[in-house]
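Chain by chain, the residues:
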Amino acid sequence: MKIAFAASECVPFAKTGGLADVVGALPQALAELGHSVSVYLPKYKQTRLPDAKVLLRSVTIPFDDQYRFCSVLDGGKRSGVQFYFIDYPAFFDREALYGTSAGDYPDNAERFALYCRAVLEASKVLGVPDIFHCHDWQSALIPILLRTSYEADPVFRGTRTVFTIHNIGYQGIFPPDTLPLLMLPWDLFTIDQMEFWGKVNFLKGAIAFSDHLTTVSRKYAHEIQASEYGFGLEGVLKSRAGSLTGIINGVDYNEWSPEKDKYIVRQYSAEGLQGKKECKYDLLRQFGLESAPIDTPVIGIVSRFVAQKGFDLIEEIGGDLARLPLIITALGSGEKEYQDLLLKLQKQHPDKIAVKIAYDNGLAHKIEAGADMFLMPSRYEPSGLNQMYSLRYGTVPIVRATGGLDDTIESWDPTSAKGTGFKFSAYSGVALLNCIHEALRAFKDQAAWLKLMQNGMKKDFSWTASAREYVKIYERLSPSKPGPSEKVLEFSRV
Ligand code: ADP
Ligand code: GLC
């Protein structure tokens, strides 16, 4: 099948979080299964594309006040996947992808509307896919446009859309006059389409118009259908429950394996763990804590510093943590509130809590390899990737039992010696603290701990299984690859 991915980030071209990892790896897994896959991305300032050929010099994008003209660059083929870049410097040649610490860029609706329209127009020249697989609100206008402005376009008659929700906390909500500005019909401003509390909601439109919806774990697929986790979209999601599938993300083990990691001081494996100690020493050195006893348990954190990730729990128990025999090494960037919180803890307990405010891929790898435990106390976590990376590095995850964290981590049971990590349920500092106590108790029995590490290292979260699940959905939708005919009708245009 011909599958076109549309997303706002992708490793190695631009990344703020796990979406980039997914869009960097899933297309490759689909190509390995024999499909023809292309990926459309915006070309940002940080996207390195030396000597990219211009494929389309001028694509006309209408806005109500003016036309804009973007071009499409050839990003070449990587591991069997073709990359295309939408180039419009006035929108994308900026410091960051979506905004700065001062807030989101005020023209994000125009930026990503231009991107979506450009993807549709470019595909008419470069190859119309069987499936557009779109990700998060930035590409949400693609399924919406295909059912509205492009409804009558004969070239897209056989094209179907799959939309993956990576994080329902980000919806793309804009003032109502965004619709005429983007030349979208006012008909869309209804409660079952894009209207949301008097505003326009891109994600809600994609939920209404995509042929199939997925999200990145089974548990999260259920969670977002209830008010606690649905961010106001639980109702529309429930109404589409029959077309919503949870598929867990995979891991790109070429990037994230201690056997071949090029960022760590010494490679290691489940059979030969000696290198991990050197990685631990190197990690302590990176954080200026090399004088700490090497057998002190080290808890690593790599995270976007945002409310989702549970830092308020760490704030709640900061004093208690500092009294425990452990070291925390945290890497992250994001909202000032959480940066300040961690920096304050570091100041109060400099020999216990070490923090780096940065985006640093090499250091993220060093933390995965060098820490003994990895902490993700998320308020919600659609899939989460770092806990799966941690398993492979023998770095035992301590997680809150939500979304993908709950689906991928099994609680350690010292009696049966089964399990891969530690989980807590209640969103409270006390629950987190108890869970850390449990992990520290387990760490004291080094023979049992080794078994726990090895249980995790043996887990296989490679992309192939998840890619096959996506293919099943694509095939069920596509009129050219019919499954049972009723199914095709069920998902076809309403
Ligand atoms: P999310 O997408 O919600 O941020 P995930 O666990 O899915 O969470 O993915 C996060 C990805 O971003 C991981 O690859 C992680 O290593 C990376 N990451 C997050 N923050 C940083 C940082 N400050 N420096 C380097 N990598 C980071
Ligand atoms: C989002 C989620 C994260 C998920 C990632 C990739 O950023 O917060 O849990 O792993 O998308 O799907």
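Here the residue numbers are simple positions, counted from 1 along each chain's written sequence. Working convention: letters from A go to chains and numbers from 1 go to ligands, in the order in which they are written. Two thresholds apply to this predicted model, a pLDDT of at least 70 for residue-level local features and 80 or more for giving and counting side-chain atom pairs, whereas whole-chain, interface and lining totals are computed over all residues. To get the side-chain values, take all heavy atoms of the structure and skip hydrogens and water.

## Quick word on the site of ligand 2
The test is simple: The nearness test applies per residue and asks whether one of its heavy atoms lies within 4 Å of the molecule or strand. Throughout this description, a polar contact denotes any pair of N or O atoms lying within 3.5 Å of each other; where both atoms belong to protein, one of them has to be capable of donating a hydrogen while the other can accept it, and for residues adjacent in sequence the pair is counted only when both atoms sit in side chains. Accessible areas in this description were obtained via Shrake-Rupley with a 1.4 Å probe; residue shielding takes into account the shown protein chains only. A helix here means a DSSP run of H or I that spans at least four residues, while a strand means a run of E at least two residues long, and both kinds are numbered starting from the N terminus. Nonpolar residues are Ala, Val, Leu, Ile, Met, Phe, Trp, Tyr, Cys and Pro. Charged residues are Asp, Glu, Lys and Arg, and all others, Gly as well, are polar. Annotation comment: domain bounds sourced from an automatic or database domain assignment.
Surveying the vicinity of ligand 2 reveals 14 residues, the closest of which are His166, Asn249, Glu381, Ser383 and Gly384. At 2.6 Å from an oxygen atom of ligand 2 is found a side-chain nitrogen or oxygen belonging to His166. If ligand 2 stood free it would expose 310 Å²; the protein chains cover 93% of that surface. Here the element with the most residues in the shell around ligand 2 is helix H1 (residues 18–32); it accounts for three residues. Split into classes, the residues belonging to the shell around ligand 2 amount to five nonpolar, seven polar and two charged. Both domains that meet at the shell around ligand 2, namely domain 1 (2–250 + 463–477) and domain 2 (274–457), each give it at least three residues.

## As for the layout of surface pockets
Threshold: A pocket, in this scheme, is an open set of points on a 1 Å grid over the protein atoms alone with protein on both sides within 12 Å along at least 5 of 7 lines, while a cavity is a set where a 1.4 Å probe fits but cannot get out; residues line either one if an atom lies within 4 Å of a point. Grid points are joined across faces, edges and corners, and a volume is the space filled by probe spheres set on the points.
Reported here for the second largest pocket is a volume of approximately 310 Å³. For the lining of the second largest pocket, the secondary structure elements donating two or more residues are helix H10 (274–286) and helix H18 (446–458). The biggest single contributor to the lining of the second largest pocket is H18, with four residues. Of the residues contributing to the lining of the second largest pocket, the split by class is seven nonpolar, three polar and five charged.

## Side note on the nonpolar core
We apply this condition: For this analysis, a nonpolar core means a set of buried residues of the types Ala, Val, Leu, Ile, Met, Phe, Trp, Tyr and Cys, connected via side-chain atoms within 4.5 Å. Working definition: with a 1.4 Å probe on protein chains only, accessible area under 20% of the residue-type maximum means buried, over 50% means exposed, and in between means partly exposed. Whether two residues touch is decided by their heavy atoms; if any such pair falls within 4.5 Å, the residues are in contact.
Of all hydrophobic cores here, the largest spans 72 residues; its most connected members are Leu321, Ile398, Phe422, Ile436 and Trp449. If you tally residues by element for this core, the top one is helix H17 (residues 429–444), at nine residues. When residues no more than four places from it in sequence are discounted, the contact partners of Leu321 are Ile314, Leu326, Ile328, Leu433 and Ile436. Counting residues in each nonpolar core, the second largest holds 65 residues, with Ile61, Leu146, Ile168 and Leu179 among its members.

## Considering empty space enclosed by the protein
Counted by the stated rule, this structure contains two cavities of 30 Å³ or more. By volume, the second largest cavity is sized at about 30 Å³. Residue composition of the lining of the second largest cavity, by class: seven nonpolar, one polar and one charged.

## Points about the environment of Tyr229
Relative to the helices and strands, Tyr229 is located in helix H8 (residues 227–230). As for Tyr229 and Glu381, which are separated by 152 residues in sequence, their C-alpha atoms are 9.9 Å apart. The residues contacting Tyr229, other than those within four sequence positions of it, are Ile168, Glu223, Ile224, Arg379, Tyr380, Arg400 and Thr402. Among the polar contacts listed, one links the side chain of Tyr229 to the side chain of Arg400, at a separation of 3.5 Å.

## Notes on the environment of Ala241
Note on placement: Ala241 falls in the loop between helix H9 (234–239) and strand S14 (244–246). Among the residues examined, Ala241 registers a relative accessible area of 31% and is labelled partly exposed. With 63 residues separating them in the primary sequence, Ala241 and Thr178 have C-alpha atoms 29 Å apart.

## Observations concerning the pattern of salt bridges
As a reminder, the rule being used: Counted as salt bridges are all cases of a side-chain nitrogen of Lys or Arg within 4 Å of a carboxyl oxygen of Asp or Glu.
A complete count under the given rule lists 17 salt bridges for this structure. A salt bridge links Lys219 to Asp406; the shortest N-O distance between them is 2.8 Å. Residue Lys219 is located in helix H7 (residues 218–223), and its partner Asp406 is located in helix H16 (residues 403–408); the two are separated by 187 residues in the primary sequence. Judged by relative accessible area, Lys219 falls into the partly exposed class, the value being 26%.

## Considerations on the site of ligand 1
If you check the shell around ligand 1, you find 23 residues, and the closest are Gly18, Asp21, Arg304, Lys309 and Ala358. Take Asn386: an N or O atom from its side chain is 3.4 Å from an oxygen atom of ligand 1. The protein chains hide 94% of the 560 Å² of surface that ligand 1 would expose on its own. Sorting the residues of the shell around ligand 1 by element identifies H1, strand S15 (298–305), strand S16 (327–334), helix H14 (361–370) and helix H15 (386–392) as the ones contributing at least two each. Residue composition of the shell around ligand 1, by class: eight nonpolar, nine polar and six charged.

## Examining the domain arrangement of the chain
Assigned domains of the chain: these are domain 1 (2–250 + 463–477) and domain 2 (274–457). The C-alpha centroid of domain 2 is placed 33 Å from the C-alpha centroid of domain 1. Of the residues lining the interface, 19 residues belong to domain 1; the matching set on domain 2 comes to 19 residues. At the junction of domain 1 with domain 2, the criterion picks out one salt bridge.

## A look at the sheet that holds strand S11 (residues 195–196)
Rules: Strand pairing requires that DSSP identify at least two bridges connecting the strands. To obtain each axis, a line is fitted to C-alpha atoms, and for helices this fit is confined to the stretch in contact; angles are then taken between N-to-C directions over 0 to 180 degrees.
An order of S10-S12-S11 is seen for the three strands of this open sheet, with the pairing classed as antiparallel. Only two strands of the sheet have a single neighbouring strand rather than two, namely strand S10 (173–174) and S11. Sheet topology places S10 next to strand S12 (residues 199–201); two bridges connect them, and they run antiparallel. Each residue of the ladder has a partner; that of Phe174, found in S12, is Val200. Packed onto the sheet, helix H6 (residues 202–209) meets S10, S11 and S12 and runs at close to 55 degrees relative to S12.

## Observations concerning unusual backbone geometry
For the peptide bond that leads from Val11 to Pro12, omega is 5 degrees, which places it in the cis range. For Pro12, the position within the fold is in the loop between strand S1 (2–6) and H1. Even without a glycine there, the phi angle at Ser79 is positive, about 45 degrees. Assignment of secondary structure puts Ser79 in the loop between strand S4 (67–78) and strand S5 (81–87). The phi angle at Met183 is positive, at roughly 60 degrees, despite the residue not being glycine. Take Met183: it is sitting in the loop between helix H5 (178–181) and S11. Of the residues examined, Met183 reaches a relative accessible area of 40% and is grouped as partly exposed.

## Side note on the confidence of the model for the chain
Filter applied, for reference: Known as pLDDT, the predictor's confidence for each residue is given on a scale from 0 to 100.
Across the chain, pLDDT averages 95, with 97% of residues at or above 70. Confidence over residues 482–494 falls short of pLDDT 50; this stretch has 23 contacts with residues more than four positions distant or in other chains.

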